Amino acid sequence: MTVADATQQASTPAKAAACAVAHAGVPAHFTMTEDEIIAKFPNRLRSYDLFRKMGSPRHIVAPMVDQSELAWRILSRRYGADLCYTPMFHAKLFSDDNPKYRNEQWQTNDEEKPVIVQFCANDPDILLKAAKLVEGQADAVDLNLGCPQRIASRGHYGSFLMEDWDLISRLIRKLHENLEIPVTAKIRVYEDVEKTVAYAKMVEAAGAQIITVHGRLREQKGHKTGLADWDKIKAVKEAVKVPVFANGNILYYEDIQRCLDATNTDGIMSAESNLYNPALFSGKILPTWQMAEEYLEICKDIPTKFAFIRAHMFKLFRYSLPIHTDLRQQLGTAKSLDEFRSFVCEMKSRLIEDSKKEDAMVFDPENVEIDALGYRKYPHWICQPALRFEHDKVHSQSKRLLNEALVENGSAKPVGESADNTPCESVSKDISESDSKRLKVTIE
Ligand SMILES: Cc1cc2nc3c(=O)[nH]c(=O)nc-3n(C[C@H](O)[C@H](O)[C@H](O)COP(=O)(O)O)c2cc1C
């Protein structure tokens, strides 16, 4: 007798639940067996079939609220991202009869493949209602089980469901039994590796077809972010049969292979480092203004909220804005695409000047200096990861140095790349030959 048979024979939902547990040894909310689900959705892809259909992605852009929007995903794909997640959407707001939130947040286009839409939710019916709205446009729907912010605590979603495995299982199962496209999940880890593994197996058993493991605890946020634990990610990978994406500690291109080797996972997801260096997955070392210009070009065709654009600009120019402080206000008050473009033009011209100054660092991507803590010393006009806190740097010193020691001599160094130095409208400034010597990275 299948779980569904047992459920049908029972006269009340309570009896049905009891029957289901009694007969199949699975949670009561599993109303269908895997065979029945396959029969219901014969074309729906499962675990590695889904992974392969998406092109066996190794480089994955993380879900990022207000930051992994369509324009950014397009830019990231041009520079090596194989798969992108949307920002997390609130299932309740998304599925509201008033489409305002949905229309503001969710954008895609015909070229956008593959893409996974992420939701946070705590009600299976509402999650399903939201997921149904993207069924024909996404490769899968992901459940956010990692958000550690206070707003997630108040709303009871994200990592604050980690104490309620039954609810998590019901959320995933609801989609697994009722959605035309697969469900995936993004989890954080517990202190205890056994508990982490048991948790991932529960998520898999509920129906998740891919699991992303962010190797940090719920408490590791803000100034306590610190390092992700790749060993726990590895333990999950060993324990489940579905593809696993590793998330955390990717600062440089070389970290990708290190993480794959250390965790044996199927792909690597990056959030922060992708924001500071959208070319991260390509291994290219590029000037910040090139990424900013290209992103704004994309925004010409893809209407993008100015708040998102502004946040991207602040991140891209993170190391230059403290030097050109007067441009902060220009960026902070920009209210049109043209104003953002003027800002980037002005910044670009100043950065090129900076690179020519006597004391400017002569930058050779083949020979990047590494500081005492194992971090690379890039000039401020080069896209580079953000190191938020001295605390983090010190905390991660030993691991970082260990990782660096693994870089094969010279062979894993990033390669230089030519830049599109198209002069911009307001400041027409070609890079001269002397610039090119100093800005070796942009011209080679
Ligand atoms: C700006 C920003 C927004 C984020 N928004 C989300 C989100 O919407 N959903 C989610 O699951 N994680 C979100 N995260 C967490 C990331 O997806 C990722 O798990 C975390 O930053 C660790 O990866 P990293 O070390 O590469 O940054 C966000 C992170 C950042 C920096």
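Residues numbered from 1 in each chain as written. Predicted model: local features only at pLDDT ≥ 70, side-chain atom pairs only at ≥ 80, totals over all residues.

1. Observations concerning the overall build of the chain
Here is the rule we go by: A helix here means a DSSP run of H or I that spans at least four residues, while a strand means a run of E at least two residues long, and both kinds are numbered starting from the N terminus. Residues are called buried when their C-beta atom has 20 or more other C-beta atoms within 10 Å, exposed when it has 12 or fewer, and partly exposed otherwise; all C-beta atoms are positioned from the backbone. Distance between backbone-placed C-beta atoms decides contact: two residues are in contact if it is within 7 Å.
For the chain, the count of helices and strands is 22 helices and eight strands. Burial analysis of the chain (444 residues in total) assigns 45% to the buried set. Sequence-distant contacts in the chain: of pairs separated by 6 or more residues, those separated by 24 or more amount to 69%.

2. Quick word on the site of the ligand
How we decide: By definition, a residue lies near a molecule or strand when the C-beta atom built from its backbone is within 6 Å of it. We call Asp, Glu, Lys and Arg charged. Ala, Val, Leu, Ile, Met, Phe, Trp, Tyr, Cys and Pro are nonpolar, and the rest, Gly among them, are polar.
The environment of the ligand is made up of 20 residues, and the closest members are Ala-62, Met-64, Met-88, Ala-271 and Glu-272. Those elements giving two or more residues to the shell around the ligand turn out to be β2 (83-90) and α14 (272-276). A breakdown of the residues in the shell around the ligand according to their chemical character gives nine nonpolar, nine polar and two charged.

3. Let's talk about the sheet that holds strand β4 (residues 140-145)
Keep this limit in mind: By the convention used here, strands pair only if DSSP detects at least 2 bridges between them. Note on method: axes are straight lines fitted to C-alpha atoms, helices fitted across the in-contact stretch only, with angles between N-to-C directions ranging 0 to 180 degrees.
Strands sit in the order β1-β2-β3-β4-β5-β6-β7-β8 around a closed barrel of eight strands; the barrel is parallel. The average angle at which neighbouring strand axes cross in this sheet is 25°, direction not considered. With three bridges joining them, strand β7 (residues 244-247) and strand β8 (residues 267-270) adopt parallel strand pairing. Bridging across to β8, Phe-245 finds its partner in Gly-267.

4. What to know about the packing of helix α8 (residues 124-132) against helix α10 (residues 165-178)
Each packed pair of helices is defined by two parameters, the angle between the axes and the distance between the axes. Applicable threshold: By definition in this entry, angles of less than 35 degrees are roughly parallel, angles greater than 145 are roughly antiparallel, angles of 65 to 115 are roughly perpendicular, and the rest are oblique. By convention the crossing between two helices is left-handed if the near helix lies anticlockwise of the far one by an angle smaller than a right angle, and right-handed if it lies clockwise.
Put simply, α8 and α10 touch, their axes get as near as 9 Å, and they point 45° apart. As the angle between them shows, α8 and α10 are arranged oblique. In the crossing of α8 with α10, the sense of the turn from one axis to the other is right-handed. Of α10, the residues touching α8 (which contributes Pro-124, Leu-127, Leu-128 and Ala-131) are Arg-170, Leu-171, Lys-174, Leu-175 and Asn-178. Classifying every residue of the contact of α8 with α10 by side-chain character gives six nonpolar, one polar and two charged.

5. A look at the pairing of β4
To keep it simple, the criterion reads: Convention used here: a crossover is right-handed provided that the path from the first strand, over the helix, to the second strand proceeds clockwise when the strands point away from the viewer.
Of all six residues making up β4, six are buried, and the element is well covered by its neighbours. Judged by which residues are buried, β4 turns out to be covered on both faces: Ala-140, Asp-142 and Asn-144 on one side and Val-141, Leu-143 and Leu-145 on the other are all buried. When strand β3 (residues 115-120) meets β4, the two strands line up parallel, connected through four bridges. For Gln-118, the partnering residue across the bridge sits in β4 and is Asp-142. In this view, the connection linking β3 to its parallel neighbour β4 by way of α8 has right-handed handedness. As defined by bridge partners, β4 adjoins strand β5 (residues 183-188) across five bridges and the pair is classed as parallel. By the bridge assignment for β5, Leu-145 is matched with Ile-187.

6. Quick look at the pairing of β5
Within β5, six of the six residues are buried, leaving the element largely enclosed by the surrounding structure. Where β5 and strand β6 (residues 211-214) come together, four bridges link them in parallel fashion. Paired with Arg-188 across the strands is His-214, a residue of β6. Read as a crossover between parallel neighbours, the route from β5 over helix α11 (residues 193-206) to β6 is right-handed.

7. So, the environment of Pro-114
Tracing the sequence through the fold places Pro-114 in the loop between α7 (100-105) and β3. For Pro-114, a count of 18 C-beta atoms within 10 Å gives the class partly exposed. Between the C-alpha atoms of Pro-114 and Pro-57, which are 57 residues apart in sequence, the distance is 9.1 Å. Not counting the four nearest positions on each side in its chain, Pro-114 is found in contact with Met-54, Gly-55, Pro-57, Leu-83 and Asp-139.

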